[in-house]
Amino acid sequence: MFALKQSSLEMPVQPTSQKKDLSLESRLQDLPLYDFSVENERPGSEVAQAFQDNPLLPGVILVEQSRFAGMISRRRFLECMSRPYGLELFFKRPIKCLYVLAHRDVLIFPDDTLIVMAARRSLQRPAELLYEPIVVEIEPTVYKLLDVHELLIAQSHIHELTTRLLHEQTKLHMMQTEKMASLGQMVAEVGHEILNPVNFISGNLEYLSNYSQDLIKLISAYDTTIREKPPQVEEIRREIEFDFLQEDMQKLIDSMKIGTEQLVKIVNSLRNFSHMGEGNQKAIDLHECIESTLLILHNRVKYTIEVVKNYGDLPPVPCYSGQLSQVFMNIISNAIDALMDKKESNTKAASQWKPRIEIVSEVVELENRLWAAVRIADNGPGIPPEIQGRIFETFFTTKPVGKGTGLGLAIGHQIVTEKHGGKLNLRSHLGIGTEFEILLPLS
């Protein structure tokens, strides 16, 4: 279109950064950026020469006394030069003269802007600006150019990555759901099988207690009526320590009763927890649901964690008891993990600190409705503010690899909000602890 001489203006042929492997968290600084700027007093011929020498250069950044003054894209520059008398008007004059005519709104982003966010903002521009380059601010006085084509390619790559990741997460979620359903069915069946012999033992212990009392009564009657006992009888009494046996037998039977009652409670708790697929909601006592969960977790809590229960006066709450038990289980298990991690930190403060879980329940009024509120709080290390917003995301976990699936709180949030129309709120402060609040509507 026009003849140009070789320019002495320094201009990198390749972009200043190389494309890296992209991820959902990739930012503009990870894309190839063009570093080319000229003082706005320089003639348009130098910019034309730069565009001719570098066919991929998307535009030029204008600076005035080292400050950002604007941007002219290759397309706008060539359009102005191609107009009648364009060469005569702009070729030898300062580039700022052409900028007055070619000026368009410029999209400027910091270099740490997420690619997906920048692409969305870029595509929201008017049609005539859709392919204009984007200015990326590296530092307050340092700017570079990003070709929109590179941005859209990166966005397409991230979209494919997101689709693949979502497919994998969905498959894992289905596998986890199927696993939980199978496990729940198995626990219910095993619980039923255990409960039969336990009920048999529990029912017969009462008869055993009565029979033992009758036998002791009979032996006592012999003692009172027969003054002279045969030597063989006296020897057997000494061998079996009859006086101790008589005193200890009832204690032994009573302890067996307590043990079987506890076993029945544990089995019933497991059966309640395994009822994950109830067809209809039932009005239940939330406190019994919490107590069943604590009973299952008793082995992790005893001797190490103080559990404080401040139960209020709650009416029966319509819900799916098995699903709600899973919510309580996940929240309390996470609290136990956090408390144990803090206890094992071996710091001086941790050595003087006592792990504690507090469970509070009450009826509250919010949004002109009555809600059953259950708050489960711990005095653990707390959750950093920057990740609190992601705590209910599927597959997001702060635990080491192999210790957490990232499904517990996500599924819990889904159960509370979608299945029960409730709310699951998080409050956490570093160094103080974490509280989860479960709100369930009362009809």
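Quick summary incoming for the structure in this document. (Residues numbered from 1 in each chain as written. Predicted model: local features only at pLDDT ≥ 70, side-chain atom pairs only at ≥ 80, totals over all residues. Heavy atoms only, no water.)

**Some remarks on the overall build of the chain**
- Across its full length, the chain carries 14 helices and 13 strands.
- Across the 443 residues in the chain, those meeting the buried criterion constitute 38%.
- Taking as baseline every contact in the chain between residues at least 6 positions apart, the subset at least 24 positions apart corresponds to 68%.
- In the form shown here, the chain has an accessible surface area of approximately 26,300 Å², with 55% of it arising from carbon and sulfur atoms. (Helix = DSSP H or I, 4+ residues; strand = E, 2+ residues; numbered from the N terminus. Buried < 20%, exposed > 50% of the residue type's maximum accessible area, 1.4 Å probe, protein only. Contact = heavy atoms within 4.5 Å. Areas by Shrake-Rupley, 256 points an atom, 1.4 Å probe, with all protein chains shown as cover.)

**Some words on the packing of helix H2 (residues 74-82) against helix H4 (residues 95-102)**
- Closest axis-to-axis distance for the H2/H4 pair is 10 Å, and the angle between their directions is 100°. The orientation of H2 with respect to H4, classified from their angle, is roughly perpendicular. Contact residues: Arg-76, Phe-77, Cys-80 and Met-81 in H2; Ile-95, Leu-98, Leu-101 and Ala-102 in H4.
- Considered class by class, the residues forming the contact of H2 with H4 number seven nonpolar, no polar and one charged. (Axes fitted to C-alpha atoms, helices over the stretch in contact; angles between N-to-C directions. Parallel < 35°, antiparallel > 145°, perpendicular 65-115°, else oblique. Nonpolar A, V, L, I, M, F, W, Y, C, P; charged D, E, K, R; others polar.)

**Quick look at helix H14 (residues 408-419)**
- Taking 1.5 Å of rise per residue, 12 residues should cover 16 Å, and H14 covers 15 Å from first to last C-alpha, within 8% of that figure.
- What H14 keeps buried is the set Leu-409, Ala-410, Ile-411, Gly-412, Ile-415 and Val-416.
- Count one or two residues on from H14 and you reach Gly-421, which has phi positive near 65°. (Expected span 1.5 Å × (residues − 1).)

**Quick word on the sheet that holds strand S8 (residues 306-310)**
- Strand order in the open sheet formed by five strands is S8-S10-S11-S13-S12, with mixed pairing between adjacent strands. Single-partner strands in this sheet number two, and they are S8 and strand S12 (423-429). Shown here is a sheet whose adjacent strand axes are inclined to one another by a mean of 20°, direction ignored.
- In the sheet, S8 pairs with strand S10 (residues 356-366) via five bridges, with the strands oriented parallel. (Pairing = 2+ DSSP bridges.)

**Looking at the nonpolar core**
- Grouped together as the largest cluster of nonpolar side chains are 40 residues, with contacts concentrated most on Leu-286, Ile-357 and Ile-438.
- For this core, the element with the highest residue contribution is helix H11 (residues 321-343), accounting for 10 residues.
- If you look at the next biggest cluster of nonpolar residues, it comprises 26 residues, including Phe-51, Leu-62, Ile-72 and Phe-91. (Core = buried A, V, L, I, M, F, W, Y, C linked by side-chain atoms within 4.5 Å.)

**A short note on the packing of aromatic side chains**
- Applying the stated criterion to the full structure yields four aromatic pairs.
- Aromatic side chains Phe-68 and Tyr-143 sit 4.7 Å apart centroid to centroid with 35° between the ring planes, which places their arrangement in the tilted category. A residue pair is termed long-range when its members are at least 10 positions apart, and Phe-68 in strand S3 (residues 67-73) and Tyr-143 in strand S6 (residues 142-146) qualify at 75 residues.
- Assessed through its relative accessible area of 27%, Phe-68 is described here as partly exposed.
- Residues Phe-392 and Phe-436 carry aromatic rings whose centres are separated by 6.2 Å and whose planes lie at 70° to one another, so their mutual orientation is edge-to-face. Placement of Phe-392 in the loop between helix H13 (385-388) and H14 and of Phe-436 in strand S13 (residues 433-441) is noted, with a sequence separation of 44 residues between them. (Phe/Tyr/Trp six-rings, centres within 6.5 Å; stacked < 30°, edge-to-face > 60°.)

**Some thoughts on the packing of helix H1 (residues 44-53) against H2**
- At a minimum axis distance of 11 Å, the contact between H1 and H2 shows a crossing angle of 125°. Taken together, the axes of H1 and H2 lie oblique to each other. Judged by the sense of rotation from one axis to the other, the crossing of H1 with H2 is left-handed. For the pair formed by H1 and H2, the contact residues are Gly-44, Val-47, Ala-48 and Phe-51 on the first element and Arg-74, Phe-77 and Met-81 on the second.
- Among the residues forming the contact of H1 with H2, the class breakdown is five nonpolar, one polar and one charged. (Left-handed = near helix turned anticlockwise from the far one by under 90°.)

**What about the environment of Pro-316?**
- Counting through the fold element by element, Pro-316 comes out in the loop between S8 and strand S9 (317-319).
- Pro-316 gets classed as exposed once you look at its relative accessible area, which sits at 57%.
- Taking the C-alpha atoms as reference points, Pro-316 and Ala-372, separated by 56 residues in sequence, lie 9.4 Å from one another.
- Not counting residues up to four positions away in its chain, the partners in contact with Pro-316 are Ala-283, Ile-284 and Leu-442.

**With respect to the sheet that holds strand S4 (residues 108-110)**
- The strand order across the open sheet formed by three strands is S4-S5-S6, and the pairing between neighbours is mixed. In the strand order of this sheet, the two ends are held by S4 and S6, each with one partner. Averaged over all adjacent pairs, the angle separating strand axes in this sheet is 35°, with direction ignored.
- One ladder, built from three bridges, connects S4 with strand S5 (residues 134-139); its direction is parallel.

**Here we look at H2**
- Burial in H2 covers these residues: Arg-74, Arg-76, Phe-77, Cys-80 and Met-81. Along H2, the residues classed as buried sweep out an arc of 165° about the axis, all on the same side.
- At its buried positions, H2 is contacted by H1, strand S2 (59-64), S3, helix H3 (86-90) and H4. (Arc of directions from axis to C-beta.)

**Quick word on the environment of Asn-196**
- Relative to the helices and strands, Asn-196 is located in helix H6 (residues 148-225).
- Between the C-alpha atom of Asn-196 and that of Val-264, which follows or precedes it by 68 residues, the distance is 9.8 Å.

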